[in-house]
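Residue strings, one per chain:
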Amino acid sequence: MAERLEFRQSGRRVLRNRSDPDAHEARVQFACRLRGTEPLQGALADMAHAAAGDPSRLSRLLQRPDIRQRLLPGVLDAFARQISSGPLPRVTALATRYSILAMPSLDVPARAILCGADDSRRAAAEALPALLNGNAAVEEAFLAHCEGAGDTLAFMLARSAMIKARRELSPRWREVSETLQRGPGS
């Protein structure tokens, strides 16, 4: 909880002085203490957008092993390409919901805007024990989440685990599957 609070406070410092590379770097440090990749990617996107006057600093951050291990190779490559071509645009696929200056573009999956991959994996992992035990209330809440947020990743992870465990899926799973296949607004 303290790490999340520090990350939020560092975000406020970034908002007060958007071009301060020290504030951005501190926010990246706090993001490294949080679970998942999204806070780190969001903080780096904000830094690449606002503090691009010092591309060597961002480049050095991207070389750090703790950062390289947390980000997907494609994301690292995209940041590296962007550093050489100037500031990150305000609207970009590299921004996450944790970004405060850059905004996620709409050319990413709808699920990524509503809930990130980290959240999807966590939702599936947390629901799975109860799903495997046949808890109908958890099943309905989980499927409602998947349907409402368009969370195909959580749905696929849980469904796959259920099938692997040879658990029978209720008709509701097929309904949600069909809704998710139709896509947003269906």
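Further up the page is the structure itself.
The structure reproduced in this document is the subject of the present report. For clarity, every value in this text was computed on a predicted model and none was experimentally measured.

## Brief notes about the pattern of salt bridges
Enumeration over the complete set of coordinates arrives at nine salt bridges. Here arginine 172 and glutamate 147 are joined by a salt bridge, their closest N and O atoms 2.9 Å apart. In this pair, arginine 172 is assigned in helix H11 (residues 171-182) and glutamate 147 in helix H9 (residues 136-149), connecting sequence segments 25 residues apart. According to the relative accessible area criterion, arginine 172 is buried, its value standing at 18%.

## Examining the environment of valine 138
Structurally, valine 138 can be placed in helix H9. Ignoring any residue separated from it by four or fewer positions in sequence, one finds valine 138 in contact with Ala127, Ala130 and Leu131.

## A short note on the environment of aspartate 46
For aspartate 46, the location among the structural elements is in helix H3 (residues 38-50). By relative accessible area, aspartate 46 is classed as buried at 0%. As a C-alpha pair, aspartate 46 and alanine 154 span 108 residues in sequence and 27 Å in three-dimensional space.

## Looking at the packing of aromatic side chains
Following the criterion strictly, the structure yields three aromatic pairs and no others. Ring centres 6.2 Å apart and planes at 40 degrees place the aromatic pair phenylalanine 142 and tryptophan 173 in the tilted group. On the criterion of sequence distance, the pair formed by phenylalanine 142 in helix H9 and tryptophan 173 in helix H11 is long-range, its members being 31 residues apart. When its relative accessible area of 5% is taken as the criterion, phenylalanine 142 is described as buried. In this structure tryptophan 173 comes out as buried when scored by relative accessible area, which is 1%. On the basis of an interplanar angle of 40 degrees and a centroid distance of 5.3 Å, the ring pair of phenylalanine 155 and tryptophan 173 is categorised as tilted. Of this pair, phenylalanine 155 sits in helix H10 (residues 152-164) while tryptophan 173 sits in helix H11; the two residues are 18 residues apart in sequence, bridging distant segments of the chain. Using a relative accessible area of 4% as the deciding quantity, one classes phenylalanine 155 as buried.

About the thresholds
- Residues numbered from 1 in each chain as written.
- Predicted model: local features only at pLDDT ≥ 70, side-chain atom pairs only at ≥ 80, totals over all residues.
- Heavy atoms only, no water.
- Salt bridge = Lys/Arg side-chain N within 4 Å of Asp/Glu carboxyl O.
- Helix = DSSP H or I, 4+ residues; strand = E, 2+ residues; numbered from the N terminus.
- Buried < 20%, exposed > 50% of the residue type's maximum accessible area, 1.4 Å probe, protein only.
- Contact = heavy atoms within 4.5 Å.
- Phe/Tyr/Trp six-rings, centres within 6.5 Å; stacked < 30°, edge-to-face > 60°.

Functional significance is not addressed by these values, which are geometric in nature.
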